[in-house]
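Topology and contacts: notes
In case you want the letters, here they are:
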Amino acid sequence: MKTIQIGNINSPSSRLIYGCMRINGDNSATAIQQGKNAIRSAIDAGYNHFDHADIYGGGECERIFGQVLKESPELRQQLIITSKAGIRFANTPSIGDVGRYDFSKDYLINQVEGSLERLNVEALDLFLLHRPDYLFDPNEVAETFEQLKRQGKVKNFGVSNFSPSQVSLLQSATTEKLMANQVEINIHNISSFTDGTLDQCLQHNITPMAWCPIATVVYEAWGNTFSDEDHARIHREFARQAQIYDCEKWIIAFAWLLKHPANICPIVGTTNPQRILAAKQALELNYSREDWYRLLEARNGQPVP
């Protein structure tokens, strides 16, 4: 497994990050065991960075991961554990409450403490603000970060789904270096290439983490805007490249992201041990600049200007 240094985190991170959003399945005993097996398969395959959020599986995904650590406590020192908070679903905590984002100090501290308890760890290696709270006060968030750091509950900080201006605003208020910005990047959603997100990551040594990296290839993208004709054209190019590189189409999707100089870290979300292992093939492809642009052209339906 290739690795990358993310900010000041002590240990290098695996270039592929294992995403734990679905490890609880339907919460049956069988699904939970499958989730545990997936975690162990990822570790065996060389993944050492695991991505969580307080809302994944209503907290059950963190709890399952915590059970694995309780069963094998020696694993903790080998791993980078990330979690996120800031999304509040409708009807929580009270019936009638509207869905919202919340970066208020007391709420974030409470959520971090809940994650630590479920994960069975003393500190998060990396804590991300999940989605921008339109009402967030950067100075209040800075105070929250400082308290969490001072209390030893969080070692490093970052954001998720932030625009470049939101990153700059928060960074201006906090002395804590923002280490990562986790955003959607895939063949459907390439906004990070054009809105300054990846430029900012390169300029300030912020690691971009890509969620839904294989959307369109394996499953439909969020807010899909592609027509049937678009899908057919894109998949023809994926198939052509898969034949050239002797791999499956979704491996090409990973390689396409890995090619970018901002050092995008794709998040792998499958619970299938074979796919967890197979994703590493993308790290070994000698993927060409020409094929990168061929796929972009197929995506756009026209050559670059």
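Scroll up to find the structure.
**Let's talk about the nonpolar core**
Among the nonpolar cores identified, the biggest contains 85 residues, and Y47, F50, F127, L129 and W256 are the most heavily contacted of them. The element best represented in this core is helix α9 (residues 249–258), accounting for nine residues. Setting aside chain neighbours within four positions, we find Y47 in contact with M1, S14, L16, I17, Y18, A42, V268, I276 and A279. Grouped together as the second largest cluster of nonpolar side chains are 16 residues, I9, M209, A215 and A221 included.

**Some details on the packing of helix α8 (residues 228–245) against helix α12 (residues 289–300)**
The geometry of α8 relative to α12 is characterised by a closest axis approach of 8 Å and an angle of 160 degrees between their N-to-C directions. Taken together, the axes of α8 and α12 lie roughly antiparallel to each other. As α8 packs across α12, the resulting crossing turns out to be left-handed. Residues R233, I234, E237, F238, R240, Q241 and Y245 of α8 form the contact with α12, whose own contacting residues are D291, R294, L295, A298, R299 and N300. Residue classes in the contact of α8 with α12 are distributed as five nonpolar, two polar and six charged.

**Comments concerning the state of the cysteines**
Think of a disulfide as a covalent bridge from one cysteine sulfur atom to another cysteine sulfur atom. Applying the stated rule across the entire model yields zero disulfides. C61 supplies the cysteine sulfur nearest to C20, a cysteine that is in no disulfide, at a spacing of 7.3 Å. Classification of C20 as buried rests on a relative accessible area of 0%. The buried category is assigned to C61, whose relative accessible area is 0%.

**Digging into the pattern of salt bridges**
Side chains carrying opposite charge are able to pair once their charged atoms draw close together. According to the stated counting rule, one finds 16 salt bridges in the structure shown. Ionic pairing is found between K84 and D51, a salt bridge with its closest N-O pair at 2.8 Å. Separated by 33 residues along the polypeptide, K84 in strand β5 (residues 80–85) and D51 in strand β4 (residues 49–51) bring together distant segments of the chain. Across the pair, D51 and K84 agree in class, each one buried. R233 is the partner of D230 in a salt bridge, and the nearest nitrogen-oxygen pair spans 2.9 Å. With a gap of three residues between them, D230 and R233 both fall in helix α8, about one helical turn apart. Summarising the burial analysis for this pair, D230 and R233 share the class buried.

**Remarks on unusual backbone geometry**
Residue P93 is bonded to the preceding T92 through a cis peptide linkage, with omega at 0 degrees. Position of P93 among the secondary structure elements: in the loop between β6 (87–88) and β7 (100–101). With a phi angle near 55 degrees, D246 is a residue other than glycine that sits in the positive phi range. By the secondary structure assignment, D246 is in the loop between α8 and α9. Taking the relative accessible area as the measure of exposure, D246 reaches 68% and is therefore exposed.

**Focus: the packing of helix α3 (residues 105–119) against helix α4 (residues 138–150)**
The contact between α3 and α4 brings their axes to 9 Å, and the two run at 35 degrees. Remark: the crossing between α3 and α4 carries right-handed chirality. The residues of α4 that touch α3, namely those facing K105, L108, I109 and V112, are E140, E143, T144, Q147 and L148. Its residues placed into classes, the contact of α3 with α4 shows four nonpolar, two polar and three charged.

**Thoughts on the pairing of strand β12 (residues 265–268)**
Side chains C265 and I267 project from β12 onto one buried face, and the interleaved P266 and V268 project onto a second face that is buried too. Pairing of strand β3 (residues 17–19) with β12 involves two bridges; the strand directions are parallel. Counted as the bridge partner of Y18 is V268 from β12. Where strand β11 (residues 207–211) meets β12, two bridges bridge the pair, whose relative direction is parallel. For M209, the partnering residue across the bridge sits in β12 and is C265.

**Focus on the sheet that holds β11**
One key point about sheets: their strands pair by backbone hydrogen bonds, in either a parallel or an antiparallel sense. Spatial strand order, β3-β4-β5-β8-β9-β10-β11-β12: eight strands in a closed barrel with parallel pairing. Pairs of neighbouring strands in the sheet enclose a mean axial angle of 25 degrees, with direction left out of account. Of the pairings in the sheet, the one linking β5 to strand β8 (residues 126–129) comprises four bridges and is parallel in character. Note on β8: the bridge partner recorded for A85 is L129. Contacting β8, β9 (157–160) and β10 (178–184), helix α5 (residues 164–173) crosses the sheet at an angle of about 160 degrees to β10.

**What about the side chain of D125?**
Counting through the fold element by element, D125 comes out in the loop between α3 and β8. Residue classification places D125 among the buried residues on the basis of a relative accessible area of 8%. Within polar-contact distance, the side chain of D125 engages the side chain of R76 at 3.0 Å. Of the polar contacts made by the side chain of D125, one reaches the backbone nitrogen of I81; its length is 2.8 Å.

Analysis parameters
Residues numbered from 1 in each chain as written. Predicted model: local features only at pLDDT ≥ 70, side-chain atom pairs only at ≥ 80, totals over all residues. Heavy atoms only, no water. Core = buried A, V, L, I, M, F, W, Y, C linked by side-chain atoms within 4.5 Å. Buried < 20%, exposed > 50% of the residue type's maximum accessible area, 1.4 Å probe, protein only. Helix = DSSP H or I, 4+ residues; strand = E, 2+ residues; numbered from the N terminus. Contact = heavy atoms within 4.5 Å. Axes fitted to C-alpha atoms, helices over the stretch in contact; angles between N-to-C directions. Parallel < 35°, antiparallel > 145°, perpendicular 65-115°, else oblique. Left-handed = near helix turned anticlockwise from the far one by under 90°. Nonpolar A, V, L, I, M, F, W, Y, C, P; charged D, E, K, R; others polar. Disulfide = S-S within 2.5 Å. Salt bridge = Lys/Arg side-chain N within 4 Å of Asp/Glu carboxyl O. Pairing = 2+ DSSP bridges. Polar contact = N/O pair within 3.5 Å; in protein donor to acceptor, adjacent residues only side chain to side chain.

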